[in-house]
Amino acid sequence: MSNKKPRTAITPTREDDFPEWYQQVIKAADMAENSPVRGCMIIKPYGYAVWENIQKNFDAMIKDLDVENAYFPLLIPMEFMSREAEHVDGFAKECAVVTHHRLEADEDGKLGPAPSAKLEDPYIIRPTSETIIGDTMARWVQSYRDLPLKLNQWCNVMRWELRTRIFLRTSEFLWQEGHNAFEDEKGGVEDHEKMLEAYADLVENYMAVPVIRGKKTPEETFPGAVSTLTIEAMMQDGKALQSATSHYMGQNFAKSIGIKYQNRDGDESYAHTTSWGLSTRTIGAMIMVHGDDDGMVMPPRVAPYPVGIIPILRDDQDKDKILAYCADIVAQLRAIGIRAKINNSDSRTPDKMWGMIKKGVPVRVEIGAREMQEGTLTHVRRDLGRDSKASCKASEFMQQIQGILDDIHITLYQRAKDFMEQNITEAKTLADMEDLYKSGHKGFVKTPIAVLDDADLARVKKENAITARCMPFSDNGQSVIFGKAY
RNA sequence: CGGAACGUGGCGCAGCCUGGUAGCGCACUUGCAUGGGGUGCAAGGGGUCGGAGGUUCAAAUCCUCUCGUUCCGACCA
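The sections below set out a description of the structure shown in this document. Given the structure is predicted, the values throughout are model-derived calculations rather than measurements.

## Topic: the overall build of chain A
Here is step 1 of the chain: Regarding its fold elements, chain A presents 14 helices and 25 strands.
Here is step 2 of the chain: Against the 2.2 N^0.38 benchmark of 23 Å for 486 residues, chain A shows a C-alpha radius of gyration of 26 Å, consistent with a compact globule.
Here is step 3 of the chain: Each of the three principal axes of chain A carries a C-alpha extent, and together these read 80 × 65 × 55 Å.
Here is step 4 of the chain: Put simply, chain A has 486 residues, and 52% of those count as buried.
Here is step 5 of the chain: Sequence-distant contacts, at least 24 apart, represent 66% of the contacts inside chain A between residues at least 6 apart.
Here is step 6 of the chain: A total of about 23000 Å² of accessible surface is found on chain A, and carbon and sulfur atoms cover 48% of it.
Here is step 7 of the chain: Mean positive and mean negative side-chain charge positions of chain A (61 and 73 charges, respectively) differ by 5 Å.

## Brief notes about the nonpolar core
Here is step 1 of the chain: Ranked by internal contacts, the top residues of the largest apolar core, which has 58 residues, are Tyr22, Met31, Ile54, Phe58, Phe167 and Ile287.
Here is step 2 of the chain: Ignoring any residue separated from it by four or fewer positions in sequence, one finds Phe58 in contact with Trp154, Gln176, Ala198, Tyr199, Leu202 and Trp276.
Here is step 3 of the chain: In terms of nonpolar packing, the next biggest core, distinct from the first, is built from 27 residues, Ile322, Ile329, Ile338 and Met398 among them.

## Thoughts on the side chain of Ser227
Here is step 1 of the chain: Following the sequence through the fold, Ser227 ends up in strand β12 (residues 227–234).
Here is step 2 of the chain: Here the side chain of Ser227 touches His192 through a polar contact of 2.9 Å, side chain to side chain.
Here is step 3 of the chain: Among residues more than four places away in sequence, those in contact with Ser227 are His192, Lys215, Thr221, Ser246, His247 and Tyr248.

## Focus on the protein's contact with RNA strand B
Here is step 1 of the chain: Residues in contact with RNA strand B amount to 46 residues; listed here are only the nearest, Arg163, Arg169, Thr170, Gln242 and Trp354.
Here is step 2 of the chain: Here RNA strand B approaches the protein such that, of its atoms within 4 Å, sugar and phosphate make up 40%.
Here is step 3 of the chain: Interatomic distance of 2.5 Å between a backbone N/O atom of Thr170 and a base nitrogen of RNA strand B.
Here is step 4 of the chain: In the model, a sugar or linking oxygen of RNA strand B is placed 3.4 Å from a nitrogen or oxygen of the Thr349 side chain.
Here is step 5 of the chain: With six residues, the single largest contributor to the surface near RNA strand B is helix α10 (residues 349–359).
Here is step 6 of the chain: Residues of the surface near RNA strand B, tallied by class, amount to 13 nonpolar, 12 polar and 21 charged.

## Notes on the packing of aromatic side chains
Here is step 1 of the chain: Across all of its chains, the model carries seven aromatic pairs by this definition.
Here is step 2 of the chain: Judged by centre distance (5.8 Å) and plane angle (90°), the ring pair of Phe173 and Trp175 falls under edge-to-face.
Here is step 3 of the chain: Overall, the relative accessible area of 12% leaves Phe173 in the buried class.
Here is step 4 of the chain: Cluster of aromatic residues (ring-pair linked, three or more members): Trp51, Phe58, Trp154, Tyr199 and Trp276.
Here is step 5 of the chain: Taking the ring centre of Tyr486 as reference, the NZ or CZ of Lys239 above it sits at 4.6 Å.
Here is step 6 of the chain: Geometry around Tyr46 places Lys359 over its ring, the cationic atom sitting 5.0 Å from the centre.

## Things to note about the layout of surface pockets
Here is step 1 of the chain: Quantified by volume, the largest pocket comes out at close to 1300 Å³.
Here is step 2 of the chain: Every residue lining the largest pocket is counted, 46 residues in all, and those nearest its centre are Arg159, Arg169, Phe222, Gln242 and Arg281.
Here is step 3 of the chain: Taken together, the elements giving at least two residues each to the lining of the largest pocket come down to α4 (85–91), β10 (172–182), β13 (240–250), β16 (272–279) and β24 (467–472).
Here is step 4 of the chain: The dominant element in the lining of the largest pocket, judged by the number of residues it contributes, is β13, at six residues.

Rules of the game
- Every chain begins its residue count from 1, and numbering advances along the sequence as written.
- The order in which chains are written sets their letters, starting at A; the order in which ligands are written sets their numbers, starting at 1.
- In keeping with the predicted nature of the model, local features appear solely for residues at pLDDT of at least 70, side-chain atom pairs appear and are counted solely at 80 or more, and the whole-chain, interface and lining totals rest on all residues.
- Only hydrogens and water are set aside; all other atoms, that is, all heavy atoms of the structure, feed into the side-chain values.
- Helical segments are the DSSP runs of H or I of at least four residues, strand segments are the runs of E of at least two, and each set is numbered from the N terminus.
- Note that the radius of gyration is over C-alpha atoms, with the globule rule given as 2.2 Å times the number of residues to the power 0.38.
- Exposure categories follow from relative accessible area, calculated using a 1.4 Å probe and restricted to protein chains: below 20% of the type maximum is buried, above 50% is exposed, and the middle band is partly exposed.
- Any two residues whose heavy atoms approach within 4.5 Å are treated as being in contact.
- Areas reported here follow the Shrake-Rupley algorithm with a probe of radius 1.4 Å; residue values treat only the protein chains shown as occluding.
- The charged-residue count follows a simple rule in which Lys and Arg add positive charge and Asp and Glu add negative charge, with His and chain termini not counted at all.
- To locate a charge, take NZ of a lysine, CZ of an arginine, CG of an aspartate or CD of a glutamate.
- In this description, a nonpolar core means a group of buried Ala, Val, Leu, Ile, Met, Phe, Trp, Tyr and Cys residues linked to one another through side-chain atoms lying within 4.5 Å.
- Counted as a polar contact is a pair of N or O atoms within 3.5 Å, where, for protein atoms, one must be capable of donating a hydrogen and the other of accepting one, and residues adjacent in sequence contribute only when both atoms are in side chains.
- In this text, near means that some heavy atom of the residue lies within 4 Å of the molecule or strand in question.
- Each residue is assigned to one class: nonpolar for Ala, Val, Leu, Ile, Met, Phe, Trp, Tyr, Cys and Pro, charged for Asp, Glu, Lys and Arg, and polar for all the others, Gly among them.
- Whether two aromatic rings pair depends on their centres lying within 6.5 Å, for rings of Phe, Tyr and Trp, where Trp uses its six-membered ring; planes under 30 degrees apart make the pair stacked, over 60 edge-to-face, and the rest tilted.
- Working rule: Lys NZ or Arg CZ, within 6 Å of ring centre, within 35 degrees of ring normal, means a charge sits over the ring.
- The pocket and cavity definitions rest on a 1 Å grid over protein atoms only: a 1.4 Å probe that fits but cannot leave marks a cavity, an open set with protein on both sides within 12 Å along at least five of seven lines marks a pocket, and residues lining either have an atom within 4 Å of a point.
- Grid points are joined across faces, edges and corners, and a volume is the space filled by probe spheres set on the points.

Below you can see the structure in the form of C-alpha cells.
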C-alpha cells in the first residue's frame, strides 16, 4: 500500500491537474455537460438552480437601482453591426449569421437552406444587444425628461468562440446586459461605478467570491468605452477571472447610434451611456474558488439547496416513520425560508452522502432511527468536513441553521480572501515582476502604475502569458495588478 | 484559427505497434447479508469500437478525410 493519500472523490486532484479537476467537478456535481452543439453546454438542473439564484438576487439589486427589465429580439439586423465601428472590430469575427428562413430537401433528400428563401437582409444572432437596445433608446429618448433610462435584459447571447470551456467560455451563454443612458458625464460615470459595486456585492456577499475592484488599463478597456471597471477574482490555481465588467461609453456610443435629446437649454445633446454585464461564467469562478478535491463546495446563498437531508434507513420497519420525520424537518426549514431537499432515493447511505459531498451541499443533515426517537438530527458542514459533525434537537437546529449557513458563507469568503491576499506579491519594477513569474510565481503581482509605461512591458507580458488585470481602487489608481487569466 | 493529444457500454480505461468480428474497474439490474464517509458475496443486462471512405479474404486495430473533446497559444464575458 504505497498510496498514502486518502481517496478523493475527484480524480485528478487540483494539484495534479487543475483544468481536468475543474471538468470533473462539474460532472461529479451534475451541474452541466457538453451538448451536441459545438461549444454549447447543457446546464443541468443542479447548475441552473445556481444561475436562478444569482438572477434572483441580482435582479432585486438592480431593481433597487431603478433599472427596468425588458426583452429584445434574439436576431439583430446585420446592418446594425456596421453602425458602431468598434463593434465590427469586437464581434464581427464571431457572429453566427442567419441567412435563410426555410429548409427544404434536395434531390438526395438532404435538408438544406432553401435557395428561394434567402434573406435579403441577413440577421445575426446577438453577441450582445448593445446595438438593438441603443437603436431603441434612440427612439425612446427625446427629451432630458426621458433620462435617465435604465434597461436590463436577461438573455442568451452567442459568440462563435474558437476555444470553449464549460461555463467559462461557451459559444452560447446566459447573462444579463444592462444599458443605461444619462444626461451628462457625471450621471454615466457614477452609474458605471454603482453597477460595478452591485456586482461586487453580488459576487462577494452571495457567491462568497472575494474580488478586486478596479479600473481596466487603457489597453484592456472595452472597445469604444471611455472607462471599463472590473471585478477580478483569483482562482485556486492563481489565475484571474474577470467576473463582471461595467463600462462608461461617454457619448461615443450615443453618437454612433443616435441617442440624442433636447437638453434643458433647448439644445440637442447626446446621451452618456453605460453598459454592464454578468454571465454564467461566474458559476465557473465559484467552482474554481470554492471547490475541493471531493467536488463542489456551494456557497450557501446561491446553493440550490443549502440543506440536504439524508434519511438513514436500516430496515424497512422504521422507514415510513423516519421519512415522515425528515419531511417534517424539511417543512420546518422551508417555513423559515431555507431551501432544503431530502434524498429519499433507495441508494445506499454512503452513496447518498458522497453524492451530496460532490454536489457541495453546504449542510448535510443525517436522520436515522436514533434521531427520530430523540427528536434530534445530526448535521455536518461541507466546508469543514466530517469533523464538524454534530447533533442537536431539531428545534435547536431551526434556531441555529441560519447562523450556520452565514458562518459557512463567511468561512468560504475568508478562506478565498486569505488565499488571494497570500498570492498577490508586490514588485517595485517590471524586472522584479518578471523575476517572480520566471521563478514560477502563480498568483497576481502588484506593481506601481509607472510599470505601464515601461517599454519592455509588452515583451514581459507575452513571455509570461500575463495581462494587466486592473488598477485597483484600493490604491487610487497608483498600482496595477497583473496575472494570468481565464 | 495555429500547435499537440485524444475519441472503445453511463463514467474511467486496456486492446491498436505485431489486422482475424471486444475486455477491465466503477456504475447499473437481481438475490442474500449489510447500511451513521465510498459494504461483501453471487448471478446478470448493456458497447461493433465518434462518423465517412479506402486497403484487405478479414479492421477497434493500417491509410485518407471529417466531426467532436481536451490542453497550449492567439482572441475574447
